[in-house]
Amino acid sequence: MNRVVLSVAMGPHIHDGSHVYRIMAGYVAALMPAAVWGCVHYGMPAVRTLLLAVGSAVVWEGLARRFLGRDQTIHDGSALVQGLLMGMMLPANTPWWLIIVGTFLMIFIGKQLFGGIGCYPLNPVLIGYAILSVSWPMRLSSHFALVDLTLKGPVLEPLAALKSYGPSVAEVYPPLNLLLGLQTGGIGTGAVGLLALGGIFLMARGDISWRVSLSFLLGVAVAASIFHVISPSRFAGAAFHILAGTTVFGAFFLASDYTTTPVYPLPRLIYGFGTGVLIVLIRNLGAYPDGTVFGILILNLFHPLIDRIRPSVVGGGVLRSGWRGCSPHQVRSSRSPHM
Amino acid sequence: MRIIREFTKGFTTELTPFRLVLGLCPTLAVTTQADNGLGMGLATTFVLVCSNVLVSLLRHIIPQKVRIACFIVMIATFVVAVELLMQAFFYPLYQRLGIFVPLIVVNCIILGRAEAFASKNPVMYSAVDGLGIGLGFTLSLTVLGGIRELLGTGALFGHPLLGASFEPFGFMIKAPGAFVTLGILLFLMNLLTSLGRKRAH
């Protein structure tokens, strides 16, 4: 007897021939303007930090895959993009050992121990950055780290200033300056306008979901406006919260990571909005000046759960209620034993 | 010799936190320094040896149905003893370990050894079993605490080792550092075991 073996493969079944590195090339192109601007603004130390972060991330990726005995993924560009993202979040004159430790934590603990690209539960860039910022807070807060460099514009980070001196500092940071990137912070997180252009490029290319990024910004705006309306003397407005710190960087490049965002449209909106609200809550009520890192990490933890929120299938409810209706006797007898 | 085997198994096949993955609560909570781990491990060892001996002595008298309650009463007695001894002789250590000294009562290693070993074996073997398991636990906690203390503060047993230019890796002495270190140690133990098995083939 002939036995026919039919195997059912997981989707997707139609493939257009593109590859991970096509998406990663898009990410690099989108990040480049802000990275170049950071290098111009902070000078050679920034170039050194970015190159070291990218290089060490790629090397760690190769070593980790070899050590764990898995297929080599060094060429797919994901480690390169993650190294670049990590480097752009660091202050320009971060010590070399801190960059190497950070990319090690990112690639090895955040990414490869869980199986590499497509498998990690939390964004590795944020894992690496969060561990660094918990361990060496003084090295990572820009106004302490950048004390050796001469800079244009106010030296204090906008969000740290907000935390210390209240919303009146918003006058020191005009929105246009923030948009152009005249703010202290990570190398590539300050140039908000260029980052937004990069994000729009990625959305137009279809590489990241507009649902996550735009609902993220909407969440920040709504939550910040509510706080601002309740007490304008204590909380800054929506524009400041969106333009200052890592909000835009997080919205377009960190929260939109494929592996750690929900798949379905409605969950994506909820995920983005929730992240934005949480970030404003951490900034306004928490101890940290900027909540982007921890806000996105917390929502990353919940993304599989959020992905279960789906509209019910049309007609799906009929089947279920019909099935329940199959045993009317049981329902009647259990409700009224005297009838 | 069986007696040697009962002793060494506490360091090899039944190394508590890394092989049996038991007693993780003190393992994760108190190992911010090597001496905390050592003190916690020795206190547990004391309770473990005493409770194993007593359970083994009374194993024919304790009724089967109420044995768990009887074991807990005996263990609790020794925990109170160790608590008072630590207050008398090692007060700073007692203060650092805090609530985790009384919580030795509910450490599942001790009840586990009473139930699985001491209630079925003669006194001599039970004492040796308790000593081996307890010292294995002590060793694991000291190693874990040593790694975390060395990276997290640059010192070992309170003596600075890594020099003034070392900037402490503060994450290691925080709670998530305990989980990450434990995970990496488990990973290394499993790696060594699988390599050893491969070599044997």
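Small disclaimer: the values here were computed from a predicted structure and weren't measured.

Across its full length, chain A carries 17 helices and zero strands. Among the 339 residues that make up chain A, the fraction classed as buried is 47%. Taking the intrachain contacts of chain A between residues at least 6 apart in sequence as the baseline, contacts between residues at least 24 apart amount to 73%.

We now examine the overall build of chain B. On a plain count of helices and strands, chain B comes out with nine helices and two strands. Along its sequence from the N terminus, chain B presents helices and strands in the succession α-α-α-α-α-α-α-α-β-β-α. Taking 2.2 N^0.38 as the reference for a compact globule, 201 residues should give roughly 17 Å; the C-alpha atoms of chain B span a radius of gyration of 18 Å, in line with that estimate. If one aligns the C-alpha atoms of chain B with their principal axes, the spans along those axes are about 60 × 55 × 25 Å. Per-residue burial for chain B yields a buried fraction of 40% across its 201 residues.

Moving on, we come to the nonpolar core. A57, L84, M86, L126 and L195 of chain A are the most contacted members of the largest nonpolar core, which has 95 residues in total. Here this core gets 10 residues from one element, more than from any other, and that element is helix α1 (residues 20–42) of chain A. Discounting chain neighbours no more than four positions away, the residues touching A57 of chain A are A79, L80, Q82, G83, M86, T103, M106 and I107 of chain A. Formed by 36 residues, the second largest nonpolar core is a distinct cluster that contains L22, A127, L141 and L182 of chain B.

In this section: unusual backbone geometry. Residue and element names in this part refer to chain B. Not every positive phi belongs to a glycine, and V21 is a case in point at roughly 50°. Along the chain, V21 turns up in the loop between α2 (16–20) and α3 (24–29). A count of 12 C-beta atoms within 10 Å places V21 in the exposed class. If you check the backbone angles, F157 has positive phi at about 55° while not being a glycine. As for its position among the elements, F157 is in the loop between β1 (155–156) and β2 (159–160).

Here we take up the confidence of the model for chain B. Scored by pLDDT, chain B comes out at a mean of 89, with 100% of its residues at no less than 70. Listed scores for the predicted complex are pTM 0.84 and ipTM 0.82.

Along the chain, W60 of chain A falls in helix α2 (residues 44–67). For the pair W60 of chain A and V81 of chain A, spaced 21 residues apart in sequence, the C-alpha separation works out to 13 Å.

Within helix α8 (residues 158–165) of chain A the residues assigned to the buried category are P158, L159, A160, A161 and L162 of chain A. G166 of chain A occupies a position one or two residues after α8 of chain A and carries a positive phi of about 80°.

Residue and element names in this part refer to chain A. Here H75 shows up in the loop between α2 and α3 (78–89). With 14 C-beta atoms packed within 10 Å, H75 lands in the partly exposed category. For the pair H75 and G62, spaced 13 residues apart in sequence, the C-alpha to C-alpha distance is 9.0 Å.

As a further point, take the packing of α2 of chain A against helix α4 (residues 96–111) of chain A. All names here are of chain A. Where α2 contacts α4, the two axes come as close as 9 Å, and the packing angle between them is 40°. As judged from the angle between their axes, α2 and α4 are oblique. Between α2 and α4 the crossing geometry is right-handed. For the pair formed by α2 and α4, the contact residues are T49, L52, A53, S56, A57, W60, E61 and A64 on the first element and W96, I99, I100, T103, F104, M106, I107 and F108 on the second. For the contact of α2 with α4, a count of residues per class yields 12 nonpolar, three polar and one charged.

Residue and element names in this part refer to chain B. Compared with the 38 Å implied by 1.5 Å per residue over 26 residues, the 38 Å span of helix α9 (residues 175–200) between its first and last C-alpha is a close match. Among the residues of α9, G177, A178, T181 and L182 are the ones counted as buried. On its buried side, α9 packs onto α3 and α8 (123–153).

It is worth spelling out the packing of α1 of chain A against α3 of chain A at this point. Residue and element names in this part refer to chain A. α3 packs onto α1 with a crossing angle of 20° between their chain directions and a minimal axis gap of 9 Å. When the axis of α1 is compared with that of α3, the two are roughly parallel. Between α1 and α3 the crossing geometry is left-handed. Here V20, M24, Y27, V28, L31, A34, A35 and G38 of α1 lie close against α3, whose contacting residues are S78, L80, V81, L84 and M88. Split by residue class, the contact of α1 with α3 holds 11 nonpolar, two polar and no charged.

So, how was this worked out
- Residues numbered from 1 in each chain as written.
- Chains lettered and ligands numbered in written order.
- Predicted model: local features only at pLDDT ≥ 70, side-chain atom pairs only at ≥ 80, totals over all residues.
- Helix = DSSP H or I, 4+ residues; strand = E, 2+ residues; numbered from the N terminus.
- Buried ≥ 20, exposed ≤ 12 C-beta atoms within 10 Å, placed from the backbone.
- Contact = placed C-beta atoms within 7 Å.
- Rg over C-alpha atoms; globule rule 2.2 N^0.38 Å.
- Core = buried A, V, L, I, M, F, W, Y, C linked by C-beta atoms within 7 Å.
- pLDDT = per-residue confidence, 0-100.
- Axes fitted to C-alpha atoms, helices over the stretch in contact; angles between N-to-C directions.
- Parallel < 35°, antiparallel > 145°, perpendicular 65-115°, else oblique.
- Left-handed = near helix turned anticlockwise from the far one by under 90°.
- Nonpolar A, V, L, I, M, F, W, Y, C, P; charged D, E, K, R; others polar.
- Expected span 1.5 Å × (residues − 1).

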